[in-house]
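# Fold and contact review
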Amino acid sequence: MTSLNHEIVNGALVLKPSRRIDSSSAKAFEDDAAALLDKGPKKVVIDATDLDYISSAGLRVILTTAKKAKSAGGGLTIACAKNNVKEVLAVSGFDNIFGLHDSVAQAISALA
Amino acid sequence: MISRIDMALANDVQEVARVIDTLEEFGAANGIPAEQSLRFGLALDELITNIISYGLAGRGDGTITLSIEHRGGMLCAELADNGPAFDPLAAETVPPSGDIETREVGGLGLTLVKSFMDRLDYRRADGFNRLTMEMKVKAA
């Protein structure tokens, strides 16, 4: 199960999903992310340090979260993806849409 | 060492987590690098999710079976379901395109499956869709 750790860094919402975002856990991620965004932050960083796996259901909720952030005047980007996750992001073209960064700090700077 | 697993799956998307957990344990017992097990699990996730979300949606008599084998340096599986005939290999997959506003994720699952598996075969027999899949296991 994904337990959605998060923190606010320099005004950006940093979401740190753990283990997997698969078909069975994607909905919980989407709901948690939406509730956290409703509290006001407009910039979102997905810190993928602890994420081993993402399926197309996970990509869908990242896209949904990104659209929500963008409509609020912010944006979303991704940091610290491991190889498996990077590969899925590359096949889907999400690496180009959102950008991949080596650190959360770089990701936050990119959203500035 | 168990080199084959047979599973009967409920018609419920929560089963996907059990399949991936089982595959991780199976992979560890068979000396398969975790990344490779998860890669294979991703393809199963996408295919099982499609079956449950579309083929067997709302069906009380939905039957899904899965067998997984490790043989000759390959991870192999057969996934069977009694939904309407559907060949996922014939389904159109569009190359990903578009920006954040226009982007859709539909069809992406099958694109990932085709990208990650080395061999996929579909047949319809006795009222079941039967998909066999193979992935060469790469060293860590």
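Just so we're clear, the structure is a prediction, and the values are computed from it rather than from any experiment.

### Details of the pattern of salt bridges
Using the criterion set out here, one finds 18 salt bridges over all chains in the structure. A salt bridge links Asp21 of chain B to Arg20 of chain A; the nearest nitrogen and oxygen atoms lie 3.0 Å apart. On the criterion of chain membership, the pair formed by Asp21 of chain B in helix H1 (residues 15-29) and Arg20 of chain A in strand E3 (residues 19-21) is interchain, its members lying in two chains. By relative accessible area, Asp21 of chain B is classed as partly exposed at 29%. Note that Arg20 of chain A is salt-bridged to Glu24 of chain B, the shortest N-O span being 3.2 Å. Taken as a pair, Arg20 of chain A in strand E3 and Glu24 of chain B in helix H1 lie in two separate chains rather than in one. Arg20 of chain A sits in the buried class, given a relative accessible area of 6%. What makes Glu24 of chain B partly exposed here is its relative accessible area of 27%. Taken together, the shared-partner salt bridges connect Arg19, Arg20 and Asp22 of chain A together with Asp21 and Glu24 of chain B into one network.

### Points about the interface of chain A and chain B
Every contact between the two is made by 27 residues of chain A and, on the other side, 28 residues of chain B. It is Arg20, Tyr53 and Val91 of chain A in chain A that bury the most area against chain B; as a group they hold 22% of the surface buried on that side. In this assembly, chain A and chain B are joined by five salt bridges. Two residues, Glu24 of chain B and Arg19 of chain A, come together in a salt bridge whose shortest N-O distance is 3.2 Å. For the interface between chain A and chain B, the tally reads 12 residue pairs in polar contact (both at pLDDT 80 or more).

### Notes on the nonpolar core
Residue and element names in this part refer to chain B. Judged by nonpolar contacts, the single largest core of 69 residues is most densely connected at Phe40 and Leu44. For this core, the element with the most residues is helix H2 (residues 34-55), which contributes nine residues. Residues contacting Phe40, with those up to four places away along its chain left out, are Leu23, Ile68, Leu75, Cys76, Ala77, Met117, Met133 and Met135.

### Focus: the sheet that holds strand E1 (residues 5-9) of chain A
Residue and element names in this part refer to chain A. Ordered by their spatial adjacency, five strands build an open sheet running E1-E2-E4-E6-E7, and the pairing between neighbours is mixed. Only two strands of the sheet have a single neighbouring strand rather than two, namely E1 and strand E7 (100-101). Strand contacts of helix H5 (residues 104-111): E1, strand E2 (12-16), strand E4 (43-47), strand E6 (75-79) and E7, with the helix running at about 155° to E4, the strand carrying the most contacts.

### Some points on helix H1 (residues 26-37) of chain A
Residues and elements named next belong to chain A. Between its first and last C-alpha atoms H1 spans 16 Å; for 12 residues at 1.5 Å apiece the expected length is 16 Å, and the two agree. When we look at burial in H1, the residues that qualify are Ala26, Phe29, Ala33, Leu36 and Leu37. Summarising the axial view, the buried residues of H1 lie within an arc of 95°, below the 170-degree limit, and thus occupy one face. Looking at the buried positions of H1, the neighbouring elements they touch are E1, E2, E3, E4 and helix H2 (56-71).

### Describing the packing of aromatic side chains
All names here are of chain A. Taken as a whole, this structure holds one aromatic pair over all chains when the rule is applied. When the centroid spacing of 5.4 Å and the interplanar angle of 70° are considered together, the rings of Phe94 and Phe98 count as edge-to-face. In this pair, Phe94 and Phe98 are both assigned in helix H4 (residues 94-98), four residues apart and thus about one turn of the helix distant. Phe98 carries the same exposure label as Phe94, and that label is buried.

Conventions and cut-offs
- Residues numbered from 1 in each chain as written.
- Chains lettered and ligands numbered in written order.
- Predicted model: local features only at pLDDT ≥ 70, side-chain atom pairs only at ≥ 80, totals over all residues.
- Heavy atoms only, no water.
- Salt bridge = Lys/Arg side-chain N within 4 Å of Asp/Glu carboxyl O.
- Helix = DSSP H or I, 4+ residues; strand = E, 2+ residues; numbered from the N terminus.
- Buried < 20%, exposed > 50% of the residue type's maximum accessible area, 1.4 Å probe, protein only.
- Contact = heavy atoms within 4.5 Å.
- Buried area = accessible area lost by both parts, 1.4 Å probe.
- Polar contact = N/O pair within 3.5 Å; in protein donor to acceptor, adjacent residues only side chain to side chain.
- Core = buried A, V, L, I, M, F, W, Y, C linked by side-chain atoms within 4.5 Å.
- Pairing = 2+ DSSP bridges.
- Axes fitted to C-alpha atoms, helices over the stretch in contact; angles between N-to-C directions.
- Expected span 1.5 Å × (residues − 1).
- Arc of directions from axis to C-beta.
- Phe/Tyr/Trp six-rings, centres within 6.5 Å; stacked < 30°, edge-to-face > 60°.

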